[in-house]
Amino acid sequence: MSWGIELWDQFDNLEKHTQWGIDILEKYIKFVKERTEIELSYAKQLRNLSKKYQPKKNSKEEEEYRYTACKAFLSTLNEMNDYAGQHEVISENMTSQIIVELARYVQELKQERKSHFHDGRKAQQHIETCWKQLESSKRRFERDCKEADRAQQYFEKMDADINVTKADVEKARQQAQTRHQMAEESKADYSSVLQKFNHEQHEYYHTHIPSIFQKIQEMEERRIVRIGESVKTYAELDRQVIPIIGKCLDGIVKAAESIDPKNDSQLVVEAYKSGFEPPGDIEFEDYTQPMKRTVSDNSLSNSRGEGKSELKFGGKSKGKLWPFIKKNKGATPEDFSNLPPEQRRKKLQQKVDELNKEIQKEMDQRDAITKMKDVYLKNPQMGDPSSLDHKLAEVSQNIEKLRLEAQKFEAWLAEVEGRLPARSDQARRQSGMYETQNAPSVNNCAQDRESPDGSYTEEQSQESEVKVLATDFDDEFDDEEPLPAIGTCKALYTFEGQNEGTISVVEGETLYVIEEDKGDGWTRIRRNEDEEGYVPTSYVEVYLDKNAKGAKTYI
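Counting starts from 1 at the beginning of each chain's written sequence and moves along it residue by residue. For a predicted model such as this one, the threshold for reporting local features is a pLDDT of at least 70, and the threshold for listing and counting side-chain atom pairs is 80 or more; totals across whole chains, interfaces and linings nevertheless cover every residue. To obtain the side-chain values, all non-hydrogen atoms of the structure were used and water was disregarded.

Caption draft 1: A look at the overall build of the protein chain. Going along the chain from the N terminus, every DSSP run of H or I of four or more residues is numbered as a helix, and every run of E of two or more is numbered as a strand. What the protein chain contains, in helices and strands, is 12 helices and seven strands. Only protein chains enter the accessibility calculation, which uses a 1.4 Å probe; a residue is then buried when its area is under 20% of its type maximum, exposed when over 50%, and partly exposed in between. Burial statistics for the protein chain: of 555 residues in total, 37% are counted as buried. In what follows, a contact means two residues having at least one pair of non-hydrogen atoms within 4.5 Å. Taking contacts inside the protein chain between residues at least 6 apart in sequence as the whole, the part at least 24 apart equals 75%. Only carbon and sulfur atoms are counted for the fraction: they give 51% of the accessible area of the protein chain, which is about 33,700 Å². Each accessible area is a Shrake-Rupley estimate made with a 1.4 Å probe; only the visible protein chains count as cover when residues are assessed.

In structure tokens, the structure reads:
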């Protein structure tokens with residue numbers, strides 16, 4: 001099957017068909033290009049979607065991703081980001097391996113097609129020229145034959161006429177011979193041109209056109225093969241990313257399987273555990289017996305009595321079961337004293353870690369500046385070493401400030417870790433909770449408790465309070481019988497006593513100790529007759545008077 005033989009007379013149709021083939025190829029290129037645009041758009045939308053739901057840095061939302069379910073969601077977002085990357089790979093590969101290659105091939109195809117049909121038109125023009133030469137030679141031969149026939153008839157007429165002179169007859173005869181000679185020459189020329197045309201025509205229809213059409217056929221078949229290869233490449237490029245996409249989906253499945261509800265529940269406990277024990281049973285109070293109490297207006301028991309009466313008659317125990325309640329409504333204290341001990345410890349540890357990182361960062365910067373200064377000292381042409389002194393001093397000051405800040409938070413952290421009760425102590429205290437709450441002794445105040453309303457408060461230790469009666473509480477806070485001083489103390493740090501039952505001290509201040517630490521991390525001190533309260537034991541250095549037995553009283 002050959003176009004040169006089968007389609008020898010379909011030059012125009014072949015020209016249209018090959019142009020249609022190029023149009024189909026360009027249409028396929030356009031299709032693939034739009035597919036790559038869709039892939040890029042899809043990948044961009046997936047990336048934006050993943051980015052939209054990524055947790056913001058240094059936000060509360062980032063802390064939520066400690067939970068395994070949130071981690072699985074975060075893994076899904078990351079895998080979707082990688083999934084989007086594979087669609088970008090598809091787009092890039094289709095662009096480079098299909099669109100670019102086919103676009104270049106189309107240009108080559110157009111040039112080749114143009115060359116073949118140019119040769120075909122040239123062959124057509126040549127055969128048409130030969131045909132015109134044949135027609136011209138034929139018409140001349142026909143004309144010369146007619147002229148020779150008319151000259152012969154005229155000669156015969158003149159020869160038969162007796163009235164015509166012999167000279168006229170001879171002239172007619174010569175004219176006839178001349179015309180006859182011209183006719184013979186035209187005949188020979190016509191015969192020669194005809195033979196030439198037949199030869200050219202044979203070459204045209206059996207050699208030139210078949211050769212040209214064969215080349216056009218081969219060109220068209222190459223185009224068809226190229227489209228087939230491109231379609232196959234189109235599928236293979238999709239297939240190549242399937243394993244990676246499968247890994248992305250496997251990652252999502254693995255993240256889903258890693259979800260551990262028990263672990264998440266434990267994280268909730270760690271996040272919100274206050275470290276307190278629930279209150280014990282409330283003791284029955286018999287109001288049929290008259291109670292005589294003498295409570296000083298400015299004693300701590302006065303405020304506690306108000307809290308207790310509100311508990312009894314108001315019916316709202318929330319926020320009133322805990323001694324020394326003072327809810328901070330303003331800014332969060334620097335030492336996180338508004339938090340329960342467990343949460344406070346975590347916050348302080350986090351702050352210490354952050355400060356240590358900042359210190360390390362500043363130290364690295366100091367080392368870099370020092371190295372640069374050494375380079376400048378060895379190579380003065382590179383820079384002035386003294387220009388770095390100011391920066392070096394500034395970094396050193398920053399390091400010192402951060403170290404002091406870290407020491408401050410480490411002291412608070414040590415205080416909290418030293419005060420957290422052991423599990424056995426908590427179990428031992430639970431039974432006497434209500435007595436402690438209703439008849440609290442300021443001798444054992446602690447800052448480790450949180451009221452049921454969620455505010456941080458300073459609470460007393462309950463180890464020695466189970467058997468204390470209300471009358472003892474009143475006697476202890478009788479203004480007429482102040483506790484004797486058992487020693488002195490020096491404030492190591494400044495303490496802002498913002499909560500009820502505490503007292504503020506300034507670093508370096510000397511005060512009287514009226515009750516030492518009972519194991520709850522608090523020491524009771526007195527500044528003057530009207531100012532006394534509790535301070536963290538770690539904030540003061542205590543000097544006890546071993547000979548004091550209540551004889552030394554502050555005046």
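Caption draft 2: Here's a closer look at the nonpolar core. Core analysis: the largest hydrophobic core is formed by 40 residues, its most contacted members being L25, V32, M94, I98, F213 and I216. Where this core is concerned, the elements lending two or more residues are α2 (11-52), α4 (68-160) and α5 (166-257). Ranked by the residues each element gives to this core, the list is headed by α4, at 16 residues. Residue contacts for V32: discarding those within four places in its chain leaves M94, I98, I99 and Y234. Side-chain atoms within 4.5 Å are what join buried Ala, Val, Leu, Ile, Met, Phe, Trp, Tyr and Cys residues into a set we call a nonpolar core. Core analysis: the next-biggest nonpolar cluster, separate from the first, contains 24 residues, V352, V416, V513 and W522 among them.

Caption draft 3: Up close: the packing of α4 against α5. Axis lines are fitted through C-alpha atoms, for helices just across the contact stretch, and the angle between N-to-C directions can take any value from 0 to 180 degrees. Between α4 and α5, whose axes approach to 6 Å, the crossing angle comes to 175°. When the interaxial angle is binned, α4 and α5 end up roughly antiparallel. Residues are grouped as follows: Ala, Val, Leu, Ile, Met, Phe, Trp, Tyr, Cys and Pro are nonpolar; Asp, Glu, Lys and Arg are charged; every other residue, Gly included, is polar. When its residues are assigned to classes, the contact of α4 with α5 shows 45 nonpolar, 21 polar and 24 charged. Any angle between 65 and 115 degrees counts as roughly perpendicular, while under 35 counts as roughly parallel, over 145 as roughly antiparallel, and the rest as oblique.

Caption draft 4: Summary view of the confidence of the model for the protein chain. As a per-residue measure, pLDDT tells how confident the predictor is, with possible values from 0 to 100. The share of residues in the protein chain with pLDDT of 70 or more is 79%, and the mean pLDDT across the chain is 78. α2 holds the highest mean pLDDT among the elements of the protein chain, 94, whereas helix α11 (residues 433-438) holds the lowest, 36. Below a pLDDT of 50 lies the segment residues 291-329, which in the model reaches 86 contacts outside its immediate sequence neighbourhood of four places, other chains included. The model gives residues 549-555 a pLDDT under 50, and that stretch makes 12 contacts with residues more than four places away or in other chains.

Caption draft 5: Representation of the sheet that holds strand β6 (residues 531-536) within the structure. Here, strands pair whenever DSSP counts at least two bridges between them. Ordered by their spatial adjacency, five strands build an open sheet running β6-β5-β4-β3-β7, and the pairing between neighbours is antiparallel. Only two strands of the sheet have a single neighbouring strand rather than two, namely β6 and β7 (540-544). Pairs of neighbouring strands in the sheet enclose a mean axial angle of 40°, with direction left out of account. As paired strands, strand β3 (residues 487-491) and strand β4 (residues 510-515) are joined by four bridges and run antiparallel to one another. Bridge pairing links T488 to Y512 in β4.

Caption draft 6: Quick peek at the packing of aromatic side chains. Classification of ring pairs uses Phe, Tyr and Trp, with its six-membered ring standing for Trp, and accepts pairs whose centres are within 6.5 Å; under 30 degrees between planes counts as stacked, over 60 as edge-to-face, and the remaining range as tilted. All chains considered together, the criterion is met by 13 aromatic pairs. Seen from their ring centres, Y28 and F31 are 6.0 Å apart, and the 35° between their planes marks the pair as tilted. Separated by three residues within a single helix, Y28 and F31 lie in helix α2, roughly one turn from each other. Taking relative accessible area as the criterion, F31 reaches 42% and is therefore assigned partly exposed. Aromatic side chains W131 and F197 sit 5.3 Å apart centroid to centroid with 50° between the ring planes, which places their arrangement in the tilted category. You can see W131 sitting in helix α4 and its partner F197 sitting in helix α5, a full 66 residues away along the chain. Residue class for F197 comes out buried when judged on its relative accessible area of 5%. Taken together, the ring pairs connect Y493, F495, W522 and Y539 into an aromatic cluster. Lying across the ring of Y67, R66 places its NZ or CZ 5.6 Å from the centre. In this scheme, Lys NZ or Arg CZ marks a charge over a ring once it lies within 6 Å of the ring centre and within 35 degrees of the ring normal. Between the NZ or CZ atom of R226 and the centre of the ring of Y105, over which it lies, the distance is 4.7 Å.

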